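Here are the chains, one letter per residue:
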Amino acid sequence: MDLKPMTTKERLAIPRQPMPAQDPKERIRNFREVHLGYTPELAQREAMRCIQCKDPACIKGCPVNIKIDKFIKLIAEGDFLGAVRKIKEDNILPAICGRVCPQEDQCEKVCILEKKHESVAIGNLERFVADYERETGNVELPEILPATGKRIAVIGSGPAGLSCANDLARLGHSVTVYEALHQLGGVLMYGIPEFRLPKDIVQAEIDGLKQIGVEFVTNTVVGRSVTIDELMEEEHFDAVFIGVGAGLPWFMGIPGENLLGVYSANEFLTRVNLMKAYDFPQSDTPVFDCRDKNVAVFGGGNTAMDAVRTAKRLGAEHAYIVYRRSEAEMPARKEEIDHAKNEGIEFLLLMNPIAFIGNEQQWLTGVKCIRMELGEADESGRRKPVPVKDSEFLLPIDMAVISIGNGSNPLIKQTTPEIEVSRRDTIVVDINSMATSKENVYAGGDIVTGGATVILAMGAGRTAAKAIHEKLAGQAPDFDNE
Amino acid sequence: MNNIVSAIFLAENIKKIEIHAPRIAKKRKAGQFVMIRVSEHGERIPLTIAGSDPEKGTVTLIVQGMGKSTRELNLKKEGESIHDIVGPLGTPSHIENFGTAVSIGGGVGTAIAYPTAVALKEAGNHVITINGARTKELVILENEMKAVSDEAYITTDDGSYGFHGFVTQKLQELIDSGKTINYVLAIGPIPMMKAVAEVTRPYGIPTVVSLNPVMVDGTGMCGGCRVTIDNEIRFACVDGPEFDAHKVDFKNLSDRNRMYLEEEQQSVEAFSHKCQLGQQK
Ligand SMILES: Cc1cc2nc3c(=O)[nH]c(=O)nc-3n(C[C@H](O)[C@H](O)[C@H](O)COP(=O)(O)OP(=O)(O)OC[C@H]3O[C@@H](n4cnc5c(N)ncnc54)[C@H](O)[C@@H]3O)c2cc1C
Ligand SMILES: Cc1cc2nc3c(=O)[nH]c(=O)nc-3n(C[C@H](O)[C@H](O)[C@H](O)COP(=O)(O)OP(=O)(O)OC[C@H]3O[C@@H](n4cnc5c(N)ncnc54)[C@H](O)[C@@H]3O)c2cc1C
Ligand code: SF4
Ligand code: FES
């Protein structure tokens, strides 16, 4: 390495280093990860682009304020393990966040280089050092503080629950995570596909938690198998964290939604990811046979992109995204939109479905759509799509996936009525502590915000862990409870 | 992993399986179900909790071998285990003292209706049970049903045992005899439930059916189990499985249950083939 300090000009002259990826023609025939990751050389070259701002904007753009300038400097110096440890001071799931965070709306959006050049590839670098640490077998077990004798129940094993469990366990508390499904990881496992987030990586994080003593109990639906009150009163948990996600799929309420071949994105992705339907009949769960069929996915978020790219990989001839606004309004990560396009996904923008059409046997054969145009801005600041008169047309399709978002599962509300919820059934918390209206019960992640992001869920889990720790520290330890 | 404490055939192809699952045994109420996965690559299938023993920490399932998953489960013996079981799921049956309550079961539906019949009896109802089967050999839970019934009838399609005819004919007979019936619960094949709904509709007798759409998670997360009730979408795994029979769109349910016919056949063929190979060894 050239040890002579680089000038800003020299740094700015380095172009943003693209991340090697599987060829689109190749990757639409497999479920392996699209991106192949930086090599150490690429990572260092990319890191050299950072001009080490005095007051780095990127840090403020990051929801958990990772010390971005510092970790990038360590990469530039070749200290990859130092870099990942620096990240882990603020973000305990860097291999995951490096892959799925919407960096272009967060740190990279405000990176000083973004205006004139391209921003530093912060996400790619984060991912690189996290992978480096794991692949070289250098993940260190964190220091665990002496046992406090306090017991905390975490409900849900998505990013919110895992992060909360992690911090509490390190502080010496005894943590049990209850998960409804047979598989841990929440959306990271059942929603986001392998080609975007390899399941081994999520599993490695879960294994890490097991190593620091977190207990996991799968197949337990809190509210049904056991209630929050029972956990606290009969099983003597001192505090409870609710991280149950936003898991109630919305439908559109248009005719024909119950035809054969119409799925919610949750069902389609769960069948394929969690139940491994791509491997049918080796795996027992079937999914619609997409081969040579036409598939339309309705929506413009990450979930829609995941569903449509999954359908393509299952062999769909035409795989469409049907979205009622324009591309600029799509909530999906830009990278996923770009990848989808490279993979031959067809984008039908400014179009809205009005009815699904089926045959005698009730199989889906098409969808009637209407063209839209953008009108006035709505409360969210996005221009509101309005239908264009007499512009209906029929799109022939064999399978449809509805991906217009999720509401909250009402189970916790029904079984623990003291917990205050909003009109949308999300749990109401104090944002500084994530405390709910019920004593010693905290909540965070999608169940509080509605469908949001992994990093926000993680941040919320950690904020709650801190508040729970502070609250319990004020109480005498009770080692004698069973 | 959950241990199988006992497993016995009640009739050809219908097995009663007692599984160790203490939390579920303690919490479950009539009308609720579990989702199970027999093996690691298994699908998640719903099965009604036919009974439980909270002391022993066990729940009882009664399973009819239909396709791959249920046949695989029915091969399991005492001492073996199943990979996953989660529950109790679904909204419990609405139980009160209605007066005279008729519980109708068709085929394995008898097993699904049984726990609710027990609860109806405990609530003080005059309980009449009508349990139908195609033929004598397939009649299940005869003694159990008798024990909770004030009047117990068995019907067989071929007349080999009990009343010769369908459960709906027996029900019509009871109505025609001038008996006041305040509540009807019907569980069985879709055509049977639909027929019962049509029998009671003209008399305005409150009638409840337990629907059996294809489920995946069983927790309200996927919407695959959606059914049409009064022209609205409802999720059977959380809002049901019991619904007002007079509001159910049975055609939509039976259409949707055909979604994976081909795949189901493929699974069963592969499975039978494997079983035969196993037997030859
Ligand atoms: C397909 C898809 C793609 C996405 N892509 C991205 C992306 O690229 N980038 C990004 O930042 N975000 C993305 N998101 C959003 C992100 O995944 C979520 O915001 C995040 O997972 C929320 O975390 P959580 O911990 O709150 O909940 P979840 O991840 O939903 O986890 C909740 C867990 O709780 C369990 N649970 C629910 N109810 C109970 C109960 N009663 N008892 C016990 N357990 C229960 C659930 O089974 C689940 O495992 C995506 C979401 C989806 C669906
Ligand atoms: C709430 C509920 C309670 C039930 N209780 C019982 C019970 O106590 N005893 C019993 O024997 N059966 C019960 N069933 C039916 C049982 O779940 C199905 O017979 C079983 O899933 C069939 O799986 P298979 O692989 O053996 O058959 P397959 O060959 O896969 O299918 C046979 C038929 O079963 C149905 N089916 C298939 N997969 C599923 C699935 N994942 N979820 C639901 N239905 C499916 C379909 O209608 C299909 O046509 C219940 C169903 C529901 C919804
Ligand atoms: S804003 Fe961009 S250039 Fe400045 S410190 Fe952050 S990553 Fe480096
Ligand atoms: S089975 Fe998935 S929502 Fe009911």
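Cut-off values and rules
Residues numbered from 1 in each chain as written. Chains lettered and ligands numbered in written order. Predicted model: local features only at pLDDT ≥ 70, side-chain atom pairs only at ≥ 80, totals over all residues. Heavy atoms only, no water. Pairing = 2+ DSSP bridges. Helix = DSSP H or I, 4+ residues; strand = E, 2+ residues; numbered from the N terminus. Contact = heavy atoms within 4.5 Å. Axes fitted to C-alpha atoms, helices over the stretch in contact; angles between N-to-C directions. Salt bridge = Lys/Arg side-chain N within 4 Å of Asp/Glu carboxyl O. Buried < 20%, exposed > 50% of the residue type's maximum accessible area, 1.4 Å probe, protein only. Buried area = accessible area lost by both parts, 1.4 Å probe. Polar contact = N/O pair within 3.5 Å; in protein donor to acceptor, adjacent residues only side chain to side chain. pLDDT = per-residue confidence, 0-100. Parallel < 35°, antiparallel > 145°, perpendicular 65-115°, else oblique. Left-handed = near helix turned anticlockwise from the far one by under 90°. Nonpolar A, V, L, I, M, F, W, Y, C, P; charged D, E, K, R; others polar. Expected span 1.5 Å × (residues − 1). Right-handed = clockwise from strand over helix to strand, strands pointing away. Near = heavy atom within 4 Å. Areas by Shrake-Rupley, 256 points an atom, 1.4 Å probe, with all protein chains shown as cover.

As for the sheet that holds strand β8 (residues 100-106) of chain B
Residues and elements named next belong to chain B.
- Read across the open sheet, the seven strands follow the order β11-β10-β9-β8-β12-β13-β16; overall the sheet is mixed. The two strands at the open ends of the sheet, each matched to only one other strand, are β11 (163-164) and β16 (242-244).
- Judged from the five bridges that link them, β8 and strand β12 (residues 183-187) form a sheet pairing that is parallel. Across the sheet, residue Ser 103 finds its bridge partner in β12, namely Leu 185.
- In the packing of helix α5 (residues 167-176) onto the sheet, the strands contacted are β8, β9 (126-133), β10 (151-156), β11 and β12, and the crossing angle to β9 comes to about 150 degrees.

Regarding the sheet that holds strand β8 (residues 318-323) of chain A
Residues and elements named next belong to chain A.
- The sheet built from five strands is open, its strands ordered β6-β14-β7-β8-β9 with parallel pairing. The outermost strands of the open sheet, each flanked by one partner alone, are β6 (262-264) and β9 (346-349). Shown here is a sheet whose adjacent strand axes are inclined to one another by a mean of 20 degrees, direction ignored.
- When strand β7 (residues 294-298) meets β8, the two strands line up parallel, connected through five bridges. Its bridge partner lying in β8, Phe 298 is registered against Val 322.
- In the packing of helix α15 (residues 302-313) onto the sheet, contacts are made with β7, β8, β9 and β14 (399-402), and the angle to β8 comes to roughly 165 degrees.

A word on the pattern of salt bridges
- Enumeration according to the criterion identifies 51 salt bridges over all chains in this entry.
- A salt bridge links A:Lys86 to A:Glu89; the shortest N-O distance between them is 3.5 Å.
- A salt bridge links B:Arg258 to B:Asp255, with the shortest nitrogen-to-oxygen separation between them at 2.8 Å.
- With a relative accessible area of 29%, B:Arg258 lands in the partly exposed category.
- One connected set of salt bridges, linked through shared partners, spans A:Arg27, A:Arg196, A:Asp306, A:Arg309, A:Arg313, A:Arg333, A:Glu335, A:Glu336 and A:Glu343.

Focus on the interface of chain B and chain A
- On the chain A side, the residues contacting the 44 residues of chain B number 46 residues.
- When the area that chain B buries against chain A is broken down by residue, the three leading residues are B:Arg23, B:Met221 and B:Met259, summing to 19%.
- Counting the contacts that link chain B with chain A gives four salt bridges.
- For B:Lys27, the salt bridge goes to A:Glu230, with nearest N and O atoms at 2.8 Å.
- Inspection of the region where chain B meets chain A yields 20 residue pairs in polar contact (both at pLDDT 80 or more).
- Elements with a contribution of two residues or more to the side of chain B that touches chain A: α1 (22-27), α2 (68-74), β7 (84-89), β14 (226-229), β15 (232-235), α8 (250-256) and α9 (261-280) of chain B.
- At six residues, β7(B) tops the list of elements feeding residues into the side of chain B that touches chain A.

Examining the confidence of the model for chain A
- Looking at chain A, the pLDDT average stands at 92 and 98% of residues meet or exceed 70.
- pLDDT under 50 marks residues 478-482 of chain A. Its contacts with residues more than four places away, or in other chains, come to 12 contacts.

Examining the packing of α5(B) against helix α6 (residues 190-200) of chain B
Residue and element names in this part refer to chain B.
- For the pair α5 and α6, interaxial distance at closest approach is 9 Å and the crossing angle is 15 degrees. The angle between the axes of α5 and α6 places the two elements in the roughly parallel class. Crossing angle aside, the handedness with which α5 passes α6 is right-handed. Of α6, the residues touching α5 (which contributes Val 167, Thr 168, Leu 171, Gln 172 and Ile 175) are Met 192, Ala 195, Val 196, Val 199 and Thr 200.
- Of the residues assigned to the contact of α5 with α6, the class counts are seven nonpolar, three polar and no charged.

With respect to helix α12 (residues 199-211) of chain A
- With 13 residues, α12(A) should cover 18 Å at 1.5 Å per step; its first-to-last C-alpha distance of 18 Å lies within 8% of that length.
- Of the residues flanking the end of α12(A), it is A:Gly213, one or two places downstream, whose phi is positive at about 95 degrees.

Re the side chain of B:Gln32
- Mapped onto the elements, B:Gln32 comes out in the loop between α1 and β3 (33-37).
- Polar side-chain contacts of B:Gln32 include one of 2.9 Å to the backbone nitrogen of B:Lys29.
- If sequence neighbours within four positions are ignored, B:Gln32 has contacts with A:Arg224, B:Lys27, B:Thr48, B:Ile49, B:Pro88, B:Leu89, B:Gly90, B:Thr91 and B:Pro92.

A closer look at the pairing of β9(B)
All names here are of chain B.
- Counting buried residues in β9 gives seven out of eight residues, a clear majority hidden from the surface.
- As paired strands, β8 and β9 are joined by seven bridges and run parallel to one another. Bridging across to β9, Val 102 finds its partner in Ile 128.
- With helix α3 (residues 109-122) bridging β8 and the parallel β9, this β-α-β connection has right-handed handedness.

What about the site of ligand 1?
Residues and elements named next belong to chain A.
- Within the structure, ligand 1 sits among 33 residues, and Val 100, Ala 160, Glu 179, Arg 196 and Asp 446 are positioned closest to it.
- Ala 160 is positioned with one of its backbone polar atoms (N or O) 2.9 Å from an oxygen atom of ligand 1.
- Here ligand 1 loses 94% of its free accessible area of 1000 Å² to cover by the protein chains.
- Where the shell around ligand 1 is concerned, the elements lending two or more residues are α10 (159-170), α15 and α19 (454-473).

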